[in-house]
Amino acid sequence: MRIGILGSGLMGAKLGTIWARAGHDVVFSYSRSEAKLKKLARDATGKARAGTPREAAQDADALLLAVHWSRVDDVLKQAGDLSGKVIVTCSLPMNADDTGLVIAHTSSGAEALATKVPQARVVAAFGTVPSEVLFGVFAARRKKHKPSLVYCGDDARGKKIAAQLIQDTGFDPIDAGPLQVARYTEPFTLLIARLAYEGNEGPELAYRFEWFAEG
Ligand SMILES: NC(=O)c1ccc[n+]([C@@H]2O[C@H](COP(=O)([O-])OP(=O)(O)OC[C@H]3O[C@@H](n4cnc5c(N)ncnc54)[C@H](OP(=O)(O)O)[C@@H]3O)[C@@H](O)[C@H]2O)c1
C-alpha cells in the first residue's frame, strides 16, 4: 500500500516506520523539521520518503492522521483535496494541555473529522494504545496471542484497509462497528493512558479482549 503519514510525531513516526518495514510505501509529512522527516525516511529502512502533506496524500491508498487536535484543520488544509481517500485517524480531540476531551458523549473526534472531510473514508484506529507499545507489538507480531486493537468506521473499503494495517502492525483487529462508536473508544483511551502513564508497569501497554464460552 502507499501510505501518507500526516503528522510524524510519536504515533506517526512509529507507525510509518513499522509500515515501511512491513513492506508498504510510506511518505512522512507534517513536522516542523524537514530534517526529521528525512531522517525518519532513511531510518525506516524500507520504501519511505519525506514529503509535504499534499505529496503524502497524492496517490495514497491510506492516510494516517496523527496530529494534535489543534492542528487538524491546518494539516487538512495543507493536504488538499481528500475526496475518496481512506483516512485512518488516531488523533484524539484533546484540549490544549491534553487533560481532557473537547468532544465527547454526543459526538467524537472521529465524527467531527468526518464532518470536516465529508468525501473521505474516515476510520478511527490506533488511538487506543500508547505509542510506546507499538514497536514491541510489531516485534511480537508472529506470536500466537496478539493484543487487540479496536477500530470503527462507516466505510467498508476504509475499514478493510485499516484492518490490514492493524494486522501488519501486529494487533488483532476488532471491528467495533460504525464511526459513532468512537464516542466510546476515545474516552477508553483516557483509561489506557492512565494505566500506561500513571501506573507502575510503564507505558508499553496494550490490551486484549477475549470471548469465553458459557459454562
Ligand atoms: N502519543 C500517544 O501515545 C498517542 C496515543 C493515542 C493517540 N494519540 C493521539 O494521536 C495524535 C498524535 O499524537 P502524537 O503524540 O504522535 O503527537 P506529536 O508527537 O505531538 O506529533 C504531532 C506531529 O505534528 C507535527 N506538527 C506540525 N506542525 C506542528 C505545530 N505547529 N505544532 C505542533 N505540532 C506540529 C509535529 O511536528 P514535530 O515533528 O516538529 O514535533 C509532529 O510531527 C494526537 O491527536 C494524540 O491525541 C497519541
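Refer to the structure presented above.
About the cut-offs
- Residues numbered from 1 in each chain as written.
- Predicted model: local features only at pLDDT ≥ 70, side-chain atom pairs only at ≥ 80, totals over all residues.
- Heavy atoms only, no water.
- Helix = DSSP H or I, 4+ residues; strand = E, 2+ residues; numbered from the N terminus.
- Rg over C-alpha atoms; globule rule 2.2 N^0.38 Å.
- Buried < 20%, exposed > 50% of the residue type's maximum accessible area, 1.4 Å probe, protein only.
- Contact = heavy atoms within 4.5 Å.
- Areas by Shrake-Rupley, 256 points an atom, 1.4 Å probe, with all protein chains shown as cover.
- Expected span 1.5 Å × (residues − 1).
- Polar contact = N/O pair within 3.5 Å; in protein donor to acceptor, adjacent residues only side chain to side chain.
- Near = heavy atom within 4 Å.
- Nonpolar A, V, L, I, M, F, W, Y, C, P; charged D, E, K, R; others polar.
- Pairing = 2+ DSSP bridges.
- Axes fitted to C-alpha atoms, helices over the stretch in contact; angles between N-to-C directions.
- Disulfide = S-S within 2.5 Å.
- Core = buried A, V, L, I, M, F, W, Y, C linked by side-chain atoms within 4.5 Å.
- Phe/Tyr/Trp six-rings, centres within 6.5 Å; stacked < 30°, edge-to-face > 60°.
- Lys NZ or Arg CZ within 6 Å of the ring centre and 35° of its normal.

Colleague: Residue-level account of the overall build of the chain, with values.
Modeller: A tally of helices and strands in the chain yields 8 helices and 8 strands. Here the C-alpha radius of gyration of the chain, 16 Å, is about what a compact globule of 215 residues would show, namely 17 Å. Relative to its full complement of 215 residues, the chain shows a buried share of 49%. Within the chain, counting contacts between residues at least 6 apart in sequence, those at least 24 apart form 70% of the total. Accessible surface, the chain: about 10900 Å² in total, of which carbon and sulfur atoms supply 51%.

Colleague: Go over helix α7 (residues 156-169), please, and point to the residues and values.
Modeller: For α7, spanning 14 residues, the distance from its first C-alpha to its last is 20 Å, which sits close to the expected 20 Å at 1.5 Å a residue. Along α7, the positions that sit buried rather than exposed are Gly-158, Lys-159, Ile-161, Ala-162, Ala-163, Leu-165, Ile-166, Asp-168 and Thr-169. You can read the cap of α7 off the contacts: a side-chain oxygen lies 3.2 Å from the backbone nitrogen of Arg-157, and it is on Asp-155.

Colleague: Talk me through the site of the ligand; I want residue IDs and the actual numbers.
Modeller: Met-11, Ser-31, Arg-32, Lys-36 and Val-67 are the nearest of the 21 residues found near the ligand. One nitrogen or oxygen atom from the main chain of Ser-8 is found 3.1 Å from an oxygen atom belonging to the ligand. Take Tyr-30: an N or O atom from its main chain is 3.3 Å from an oxygen atom of the ligand. Protein chains shield 78% of the accessible area of the ligand, which is 880 Å² for the free molecule. Tallied by class, residues from the shell around the ligand come to 10 nonpolar, 8 polar and 3 charged.

Colleague: I'd like to hear about the sheet that holds strand β2 (residues 25-29), residue by residue, with values.
Modeller: On the basis of which strands lie adjacent, the open sheet formed by 8 strands has the order β3-β2-β1-β4-β5-β6-β7-β8 and mixed pairing. Every other strand in the sheet has two partners, leaving β3 (47-50) and β8 (172-175) as the edge strands with one partner each. Strand-to-strand twist in this sheet, taken as the mean axis angle between neighbours without regard to direction, amounts to 25 degrees. In the sheet, strand β1 (residues 2-6) pairs with β2 via 5 bridges, with the strands oriented parallel. Across the sheet, Leu-6 pairs through a bridge with Ser-29, a residue of β2.

Colleague: I'd love a proper account of the state of the cysteines, names of residues and values included.
Modeller: Under the defined criterion, the tally for this structure stands at 0 disulfides. Free cysteine: Cys-90, not disulfide-bonded; nearest cysteine sulfur from Cys-152 at 13 Å. We classify Cys-90 as buried; its relative accessible area is 9%.

Colleague: Explain the side chain of Ser-29 to me, and be specific about the residues and the numbers.
Modeller: Along the chain, Ser-29 falls in strand β2. Here Ile-5 takes part through its backbone oxygen, which lies 2.7 Å from a polar atom of the side chain of Ser-29. If we skip the residues at most four places from it in the chain, Ser-29 touches Ile-5, Leu-6, Gly-7, Ser-8, Leu-37, Gly-51, Thr-52, Pro-53 and Ala-56.

Colleague: For the nonpolar core, give the residues involved together with the corresponding values.
Modeller: Side chains of a nonpolar character, in soluble globular proteins, are inclined to be buried together. Counting residues in hydrophobic clusters, the biggest one holds 40 residues, and the most contacted among them are Trp-19, Phe-28, Leu-64, Phe-126 and Phe-171. It is helix α1 (residues 10-21) that provides the largest number of residues to this core, a total of 6 residues.

Colleague: How would you sum up the packing of aromatic side chains? Please name residues and give values.
Modeller: With the rule as written, the count across this model stands at 3 aromatic pairs. Taken together, a centroid distance of 5.5 Å and an interplanar angle of 65 degrees make the contact between Trp-19 and Phe-126 edge-to-face. Of the two residues, Trp-19 is situated in helix α1 and Phe-126 in the loop between β6 (121-125) and α6 (134-139); the sequence distance between them amounts to 107 residues. Using a relative accessible area of 0% as the deciding quantity, one classes Trp-19 as buried. Plain terms: the ring middles of Phe-188 and Tyr-207 are 5.2 Å apart, the flat faces sit at 90 degrees to each other, and that makes the pair edge-to-face. A residue pair is termed long-range when its members are at least 10 positions apart, and Phe-188 in helix α8 (residues 182-198) and Tyr-207 in the segment after α8 qualify at 19 residues. Its relative accessible area of 9% is what places Tyr-207 among the buried residues. Following the ring pairs from residue to residue traces out a cluster consisting of Phe-188, Tyr-207 and Phe-209. The positively charged end of Arg-141 is found above the aromatic ring belonging to Phe-138, 3.8 Å away from the centroid.

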